[in-house]
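Structural characterization, general
These are the residues of each chain, in order.
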Amino acid sequence: MKKTDERVIKDSICHFKDTKIKHLYTQLQLMVHKRNNTAHDEIFFNDIDRKLLIHKTEEHKKFNLSNNRSGLNDTLGLLICIKNILPKKDYNKLIEDLSSLIDNYINNNNVITKEELLNEMHLPVNYEILKWEEV
């Protein structure tokens, strides 16, 4: 594939205009890894990929990430990768559905608090700010 073809593909699917081709490739690798975990009944919700680190984006700056690797290879990182390529309306629906599932689980189980669950999932409490503001 020619470099110009790669750029055309990247520009047609990425919402983050500063995404470099090599960063998109890593984001796609992380999504494939997470998809494969899910397809093969592996634990997904708190999985961290130790081999892949996505590039920090403007989305990462929305969070006070104390760990240098936070949001790069975990659930938050996955949500940021998905935000880069999924249509905005679909992405917002994904965040709404995730929030609903978490709330439903917490409301029907007295085993863990919402903050503890989000911590186990490697998600900040305010992860919902990832939603697109305008759709």
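Scope of this entry: the structure provided in the associated data block. As the structure is a computational prediction, the values presented were derived from the model and not from experiment. (Residues numbered from 1 in each chain as written. Predicted model: local features only at pLDDT ≥ 70, side-chain atom pairs only at ≥ 80, totals over all residues. Heavy atoms only, no water.)

Some details on the overall build of the protein
Each helix and strand in the protein was counted, giving five helices and zero strands. When the helices and strands of the protein are listed from N to C terminus, the series reads α-α-α-α-α. Since a compact globule built from 135 residues should have a radius of gyration of about 14 Å, the 16 Å found for the protein is in line with a globular shape. Taken along its principal axes, the extent of the C-alpha atoms in the protein is 55 × 35 × 30 Å. Burial analysis of the protein (135 residues in total) assigns 37% to the buried set. Long-range pairs, those at least 24 residues apart, make up 58% of the contacts in the protein between residues at least 6 apart in sequence. For the protein, the accessible area works out to roughly 8,700 Å², and carbon and sulfur atoms hold 52% of it. Taking the average location of the 21 positive side-chain charges in the protein and that of its 21 negative ones, the two points are 8 Å from each other. (Helix = DSSP H or I, 4+ residues; strand = E, 2+ residues; numbered from the N terminus. Rg over C-alpha atoms; globule rule 2.2 N^0.38 Å. Buried < 20%, exposed > 50% of the residue type's maximum accessible area, 1.4 Å probe, protein only. Contact = heavy atoms within 4.5 Å. Areas by Shrake-Rupley, 256 points an atom, 1.4 Å probe, with all protein chains shown as cover. Lys, Arg positive; Asp, Glu negative; His and termini not counted. Charge placed at Lys NZ, Arg CZ, Asp CG, Glu CD.)

Shape descriptors only; they carry no functional weight alone.
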